[in-house]
Amino acid sequence: METVREPTLTLYDRIGGDATIGQLVERFYDLMFSEPGVDAVRDMHDPDTRLIRAKFFDFLSGWLGGPSRYIEKYGHPRLRARHLPFAIGVAERDQWLHCMNKALDETPMDPAVREHLKKSFADTGDFLRNRSET
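Residues numbered from 1 in each chain as written. Predicted model: local features only at pLDDT ≥ 70, side-chain atom pairs only at ≥ 80, totals over all residues. Heavy atoms only, no water.

Trainee: Is there a simple way to think about the packing of aromatic side chains in this case?
Mentor: For any pair of aromatic rings, geometry is given as the distance between the ring centres together with the angle between the planes. Per the counting criterion, the structure on display carries ten aromatic pairs. Ring centres 5.0 Å apart and planes at 55° place the aromatic pair Phe28 and Trp96 in the tilted group. Highlighted residues: Phe28 in helix α2 (residues 17-32) and Trp96 in helix α7 (residues 90-106), separated in sequence by 68 residues. We classify Phe28 as buried; its relative accessible area is 0%. With a centroid separation of 6.2 Å and 90° between ring planes, the pair formed by Phe59 and Tyr70 is classed as edge-to-face. Remark: Tyr70 occurs in helix α5 (residues 69-74) and Phe59 occurs in helix α4 (residues 50-63); sequence separation between them is eleven residues. (Phe/Tyr/Trp six-rings, centres within 6.5 Å; stacked < 30°, edge-to-face > 60°. Helix = DSSP H or I, 4+ residues; strand = E, 2+ residues; numbered from the N terminus. Buried < 20%, exposed > 50% of the residue type's maximum accessible area, 1.4 Å probe, protein only.)

Trainee: Is there a simple way to explain the environment of Ala81 in this structure?
Mentor: In this fold, Ala81 is placed in helix α6 (residues 79-83). Under the relative-accessibility criterion, Ala81 is labelled partly exposed at 33%. Sequence separation of Ala81 and Gly62 is 19 residues, and the distance between their C-alpha atoms is 18 Å.

Trainee: Looking at this structure, I do not really get the packing of α7 against helix α8 (residues 111-128). What am I missing?
Mentor: To describe two helices that pack against each other, one gives the angle between their axes and the distance between the axes. Close contact between α7 and α8 brings their axes to 10 Å; oriented N to C, the two are set at 165°. With respect to α8, the element α7 is oriented roughly antiparallel. With respect to the hand of their crossing, α7 and α8 are arranged in right-handed fashion. Within the contact between the two elements, α7 uses Arg93, Trp96, Leu97, Met100, Asn101, Leu104 and Asp105 and α8 uses Arg114, Leu117, Lys118, Phe121, Ala122, Gly125 and Asp126. When grouped by side-chain class, the residues that make up the contact of α7 with α8 number seven nonpolar, two polar and five charged. (Axes fitted to C-alpha atoms, helices over the stretch in contact; angles between N-to-C directions. Parallel < 35°, antiparallel > 145°, perpendicular 65-115°, else oblique. Left-handed = near helix turned anticlockwise from the far one by under 90°. Contact = heavy atoms within 4.5 Å. Nonpolar A, V, L, I, M, F, W, Y, C, P; charged D, E, K, R; others polar.)

Trainee: Honestly, the nonpolar core in this entry has me stumped. Any pointers?
Mentor: A general feature of soluble globular proteins is that nonpolar side chains tend to end up buried together. Within the largest apolar cluster, 26 residues are counted, with the highest numbers of intra-cluster contacts made by Ile21, Phe28, Phe56, Leu60 and Leu117. Where this core is concerned, the elements lending two or more residues are α1 (11-15), α2, α4, α7 and α8. Considering every element that reaches this core, the biggest residue donor is α2, with seven residues. Discounting residues that sit within four places of it in the chain, Leu117 has contacts with Leu11, Ile15, Trp63, Leu64, Leu104 and Met109. (Core = buried A, V, L, I, M, F, W, Y, C linked by side-chain atoms within 4.5 Å.)

Trainee: What is the right way to read the pattern of salt bridges from this model?
Mentor: Think of it this way: side chains of opposite charge can pair up when their charged atoms draw near. Tallied over the full model, the rule gives 15 salt bridges. For Glu26, the salt bridge identified is with Arg53, shortest N-O distance 2.7 Å. Remark: Arg53 occurs in helix α4 and Glu26 occurs in helix α2; sequence separation between them is 27 residues. Classification of Arg53 as buried rests on a relative accessible area of 14%. A network of salt bridges, in which partner residues are shared, links Arg93, Asp94, Asp126 and Arg129. (Salt bridge = Lys/Arg side-chain N within 4 Å of Asp/Glu carboxyl O.)

Trainee: Honestly, the environment of Pro111 in this entry has me stumped. Any pointers?
Mentor: For Pro111, the position within the fold is in helix α8. Put simply, Pro111 and Tyr70 are 41 residues apart on the chain and 26 Å apart in space, counted from C-alpha to C-alpha.

Trainee: Explanation requested: α2 in the structure shown.
Mentor: Along an α-helix, a turn takes 3.6 residues, which lines up residues three or four apart on a common side. Taking 1.5 Å as the rise per residue, α2 with 16 residues should run 22 Å; its terminal C-alpha atoms sit 23 Å apart, in good agreement. When we look at burial in α2, the residues that qualify are Gly17, Thr20, Ile21, Gly22, Leu24, Val25, Phe28, Tyr29, Leu31 and Met32. Buried residues in α2 make contact with α1, α3 (39-42), α4 and α7. (Expected span 1.5 Å × (residues − 1).)

Note that every value here comes from positions in space, so none of it alone points to a role or purpose.
Here it is in C-alpha cells:
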C-alpha cells in the first residue's frame, strides 16, 4: 500500500499568500514614512514608494516560498550587493526592524509564523550590515 504524504505548506501558504503579504508590505512602508525615530532608514528611500513596494512584495513572495516574481523580473535578489550603496549599521538595522516588527504585529497571521519571520528578518538585517561601528 502506498503512503499518501500531505503537502508541506510553505511560509507563503502559512502566512496567507498574496493578500497577507500585500497587507504586510503596505503597513511596513506606511510605518517607515510615519514612525518617529526612523529617519535614517526612511531617508534611504525615495518618497514615492510605489516601485519599492511592488519590488518588496515580489521579493517576499518568492522568499516565503511562493511565486518567484522578483527573480522572474529582476534576476537573483543579491540582497547584500543591492544594499551596498547604503550605509547600514546597527541603528539603520534597528530602525528597519522596528517598522517590520510593528507591521508584523499588526498583520493577522499565525503567531508562530510571525515569530519565525521576526527572527528571519533580524538575521537578514544583521547580514546586510555593511558599516562598522566605532
